[in-house]
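If you want the building blocks of each chain, they are given just below.
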Amino acid sequence: MKSLDTMNALSQCGLGAALIDRDCLLLEINEAGGRLLGERGRPGASLWEIAPAFCGALPSEEYCNIAFGEYLRQCPFPEVEDLPTGVRMVVFRDARNDICHDMLMCAINQVSDSVILCDEQGRVFLLNDAATRLESTLAQEIVGRNLQDVYTVKNESDLEIPRVMRERKPRLNIRQHYVTKHGKEVAVMDDTYPVILNGKVVGGFSVMRDWTQVDRLNRQVIELQQKLLGQDQHRRRGGRSPLSAKYRFEDIVFNSDVMRACMEKCEKSAKSDSGIMICGETGTGKELFAQGIHNASHRADGPFLAINCAAIPENLLESMLFGTEKGAYTGAERRVGLFEQADGGTLLLDEINSMPLALQPKLLRVLQEGVVRRVGGIDEIPVDVRMISNINISPWQAVREKKLRPDLLYRLGVVNITIPPLRDRACDIPLLAKHFVLSLNRKMMKNIKELAPDAMERLCTYSWPGNVRELQHAIEYAMNILPDDALVIPREMLPDHILHGDSEEASEWSEQRKSAIVRGSGAKMGRDELTRLLQANDGNITQTARMLGISRQNLQYRIKRDKIDPAKPDSIV
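Quick look at the structure, then. In this text, all values refer to a predicted model and were calculated from it rather than measured experimentally. Every chain begins its residue count from 1, and numbering advances along the sequence as written. Owing to the predicted nature of the model, reporting of local features is limited to residues with pLDDT of at least 70; listing and counting of side-chain atom pairs is limited to 80 or more, with chain, interface and lining totals taken over all residues. Heavy atoms from the whole structure form the basis of all side-chain values; hydrogens and water molecules are not counted.

A separate point is the overall build of the protein. When helices and strands are counted, the protein shows 25 helices and 20 strands. Residues counted as buried form 48% of the 573 residues belonging to the protein. Note on contacts: a residue pair is in contact if any heavy atoms of the two residues lie within 4.5 Å. Expressed as a percentage of contacts within the protein between residues at least 6 apart in sequence, the contacts between residues at least 24 apart total 62%. Computed by Shrake-Rupley with a 1.4 Å probe, the accessible areas treat only the displayed protein chains as cover when residues are assessed. When the accessible surface of the protein is totalled, it reaches about 29300 Å², and 51% of it is carbon and sulfur. What counts as a helix is a DSSP run of H or I of at least four residues, what counts as a strand is a run of E of at least two, and both are numbered from the N terminus. Burial status follows relative accessibility: with a 1.4 Å probe on protein chains alone, a residue under 20% of its type maximum counts as buried, one over 50% as exposed, and anything between as partly exposed.

Okay, structure coming up:
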């Protein structure tokens, strides 16, 4: 097309177009461009003075503020046949709505309440960061999908957003229970509104508050009132102990099936008083699970105490656990031990395999008889304590290495729970990374949106010997050294040991595995991707399911649905 025809066609589409010379002086401008630039957009004017971002050789993604409330954005320019040498075309459009949208998204992501917006067909249009935290899901997994396909409401009630769109009026202070696509149960108090434009319903949105937080605030108000009324002896009147556990099950972030199975076992075992032994590598979050079990049990209002058996000498550990009587040894004072302090609650023994063998029979006696005798004392003091222990190696390995007595293992490990390492649930990495970015944004007063794709890929292909704790530290390291105005974490800002992992670690991850895990969910993989991954694993279903972070049953369902024959990997196409 010729330049004049092109500029007229662009003007009819509402796009401004101008011809400029080497010095960025305006030679000619179409009608839409004249409206967008105003009086300054006359031929002969300098584009450097009006919109300097447009003077580069390539289209810029920057907003150009040409006046108060007036923003323009450059567009790709078409090829034109008859431009003289040294003359080029610049195409631009009104960007007021763009920048308004971006600023509103920035504001809505700082709101502590969860917000979800849908279009008139019930498809999710956006989720803010608070909704991401509440539901333990990533926005890209939800946006564009129908609400009915993503959420299941409990108690056979309706989803609120479709309801308010049908009824064309808001519903306020509605308590709702629903289950996310990953199986997480969420309880909220929400306000839901229809969006009506020009008399037509074009969508709806909900503003939701986590009910567990509301309930927690109500408890705090009640406790404060009791204190103000001078009702002493807090424990006797059934109030919550000040020695409480901080974390609950809903604070544990995951999407993978292996973690969901682990969480289900924790939730079920929390209802009893049986001893629980939590096994997991360093950094997997064993204490978070222990605190979650306590807060989900009938002992939640009782105390929660924890002691690291590896950090305290044997003689001091004994006195801390069982207490002392005055004169038990030189300088000894009468002190209450942890068992007495934890009466009616939970005691966590961290790194139980580091407890001296000589002390383990004394612990076993307390567990068997339910009484404790202070060091240097003769009185037997009854205690009612739920025992949880953590161990960073296999319990039976600890027994073989004579670090743990088998009879103590039977008492402490009535229920054994193994937390999988991060490398075995790599599909949780994108969600965990997003969670840490959001929490650190508040702590560090930053506004990081996400990680660059190549940075996320590196996180997903690293072996994580330090597990979730190492991932958290890696994100915090990057955010510490980023410029204050940065919005994205680039790959080069990751710690050096993650960027330059040894070749053996890197070679363990095939390109097929990278592709699967970076996408974050085996359930979202297409047939071709799944067949290529099965082919790379010689049709091994267990290994492929582990790579994807999904169960064997889930993978077998996909194989059957997509008519794939895993027994003939060479024929998988």
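Let's shift gears to the packing of aromatic side chains. Pairs were defined over the aromatic rings of Phe, Tyr and Trp, the Trp ring being its six-membered one, requiring ring centres within 6.5 Å. Orientation was assigned from the angle between planes: stacked under 30 degrees, edge-to-face over 60, tilted for the rest. Considering all chains together, one arrives at six aromatic pairs under this definition. Look at Phe54 and Phe92: their rings are 5.8 Å apart centre to centre, the planes differ by 20°, and that puts the pair in the stacked class. Within this pair, whereas Phe54 is found in the loop between α3 (47–50) and β3 (63–67), its partner Phe92 is found in strand β5 (residues 88–94), the two being separated by 38 residues in sequence. Overall, the relative accessible area of 1% leaves Phe54 in the buried class. With a relative accessible area of 2%, Phe92 lands in the buried category. Geometrically, the ring pair formed by Phe322 and Phe339 is stacked, given 5.9 Å between the ring centres and 10° between the ring planes.

What follows concerns helix α11 (residues 286–295). The buried count for α11 comes to eight of 10 residues, which makes it a mostly enclosed element. Taken together, the buried positions of α11 are Lys286, Phe289, Ala290, Gln291, Gly292, Ile293, His294 and Asn295. Where α11 is buried, its residues touch α10 (257–269), β12 (276–279), β13 (304–308), β14 (346–350), β17 (386–391) and β18 (415–418).

Turning next to empty space enclosed by the protein. Grid spacing is 1 Å over the protein atoms alone, the probe is 1.4 Å, and a cavity is where that probe fits but cannot get out, while a pocket is an open set with protein on both sides within 12 Å along at least five of seven lines and lining residues have an atom within 4 Å of a point. Grid points are joined across faces, edges and corners, and a volume is the space filled by probe spheres set on the points. This structure, assessed with the given rule, holds four cavities of 30 Å³ or more. As for the largest cavity, its lining consists of 13 residues, of which Ile116, Leu147, Leu159, Gln176 and Met208 are closest to the centre. Of all the elements in the fold, those that place two or more residues in the lining of the largest cavity are α8 (160–167), β9 (171–179) and β11 (200–210). Tallying contributions element by element places α8 first for the lining of the largest cavity, with three residues. Residue type decides the class: Asp, Glu, Lys and Arg count as charged, Ala, Val, Leu, Ile, Met, Phe, Trp, Tyr, Cys and Pro as nonpolar, and the leftover types, Gly among them, as polar. Residues belonging to the lining of the largest cavity are distributed by class as follows: eight nonpolar, two polar and three charged.

If DSSP finds at least two bridges between two strands, the strands pair. Bridge count for β3 against strand β4 (residues 70–75) is four bridges, and the pairing is antiparallel. When the sheet's bridge partners are listed, Cys64 is paired in β4 with Leu72. Taking the residues between adjacent antiparallel strands as the criterion, β3 and β4 are bridged by two residues, where Gly69 takes a positive phi near 80°.

Glancing now at helix α19 (residues 467–481). Here α19 is 15 residues long and its end C-alpha atoms lie 22 Å apart, about the 21 Å a rise of 1.5 Å per residue gives. For α19, the elements touching its buried residues are α17 (429–444), β19 (450–451), α18 (453–461), β20 (488–489) and α20 (496–499). Here, expected helix span is obtained from the residue count minus one, scaled by 1.5 Å.

As a further point, take the pattern of salt bridges. Salt bridge criterion: a side-chain nitrogen from Lys or Arg within 4 Å of a carboxyl oxygen from Asp or Glu. The full count for this structure, using the stated rule, is 25 salt bridges. A salt bridge links Arg93 to Asp98, with the shortest nitrogen-to-oxygen separation between them at 2.7 Å. Note that Arg423 is salt-bridged to Glu281, the shortest N-O span being 2.5 Å. Taken together, the residues span a long stretch of sequence, with Arg423 in the loop between β18 and α17 and Glu281 in the loop between β12 and α11 at a distance of 142 residues. Residue Glu281 is classed as partly exposed on the basis of its relative accessible area, which comes to 26%. Beyond isolated ion pairs, a larger network of salt bridges with shared partners links Glu325, Arg334, Glu340 and Arg374.

Another aspect to go through is the nonpolar core. Across soluble globular proteins, nonpolar side chains have a tendency to be buried as a group. Leu321, Phe339, Leu347, Leu349, Ile352, Met355 and Leu404 are the most contacted members of the largest nonpolar core, which has 33 residues in total. Top contributing element to this core by residue count: helix α14 (residues 360–369), with four residues. Excluding residues that lie within four positions of it along the chain, Leu404 makes contacts with Met277, Ile352, Leu357, Gln360, Ile391, Pro395, Ala398, Val399 and Leu409. Side-chain atoms within 4.5 Å link the members of a nonpolar core, which is a set of buried Ala, Val, Leu, Ile, Met, Phe, Trp, Tyr and Cys residues. Counting 32 residues, the second largest nonpolar core, distinct from the first, contains Tyr462, Val468, Ile475 and Leu499.

Here we come to the sheet that holds β4. Spatially, β2-β1-β5-β4-β3 is the arrangement adopted by the five strands of the open sheet, whose pairing is antiparallel. In the strand order of this sheet, the two ends are held by β2 (26–29) and β3, each with one partner. Neighbour to neighbour, the strand axes of the sheet diverge by 35° on average, direction disregarded. As judged from the three bridges shared by strand β1 (residues 16–20) and β2, these two strands associate in the antiparallel manner. Bridged to Ala18 within β2 is Ile29. Seen against the sheet, helix α4 (residues 96–108) touches β3, β4 and β5 and runs at an angle of roughly 105° to β4. A fitted line through C-alpha atoms represents every axis, and for helices the fit uses only the stretch in contact; the resulting angles, taken between N-to-C directions, go from 0 to 180 degrees.

To continue, consider the packing of α17 against α19. Interhelical geometry of α17 versus α19 gives an angle of 50° and a closest axis separation of 10 Å. The pairing of α17 with α19 is recorded here as oblique in orientation. Here α17 runs over α19; the crossing is right-handed. Here α17 contributes Ile429, Leu432, Ala433, Phe436, Val437, Leu440, Asn441, Lys443 and Met444 to the contact with α19, which in turn contributes Val468, Leu471, Gln472, Ile475, Glu476, Met479 and Asn480. Taken together, the residues of the contact of α17 with α19 break down into 11 nonpolar, three polar and two charged. An angle below 35 degrees is read as roughly parallel, one above 145 as roughly antiparallel, one from 65 to 115 as roughly perpendicular, and any other as oblique. Handedness of a helix crossing follows the sense of rotation of the near helix relative to the far helix, less than a right angle counterclockwise being left-handed and clockwise being right-handed.

Moving on to the environment of Val437. Within the secondary structure, Val437 sits in helix α17. When the C-alpha positions of Val437 and Ile475 are compared, they lie 6.9 Å apart, and in sequence the two are 38 residues distant. The contacts of Val437, once residues within four sequence positions are left out, are Ile448, Leu451, Ile475, Met479 and Ile489.

What follows is about the sheet that holds β17. Spatial ordering of the open sheet is given by β13-β14-β17-β12-β18, a layout of five strands whose pairing is parallel. In the strand order of this sheet, the two ends are held by β13 and β18, each with one partner. Between one strand axis and the next, the sheet turns through 20° on average, direction left out of account. As defined by bridge partners, β12 adjoins β18 across four bridges and the pair is classed as parallel. Looking at β18, one finds that Ile278 is bridged to Ile417.

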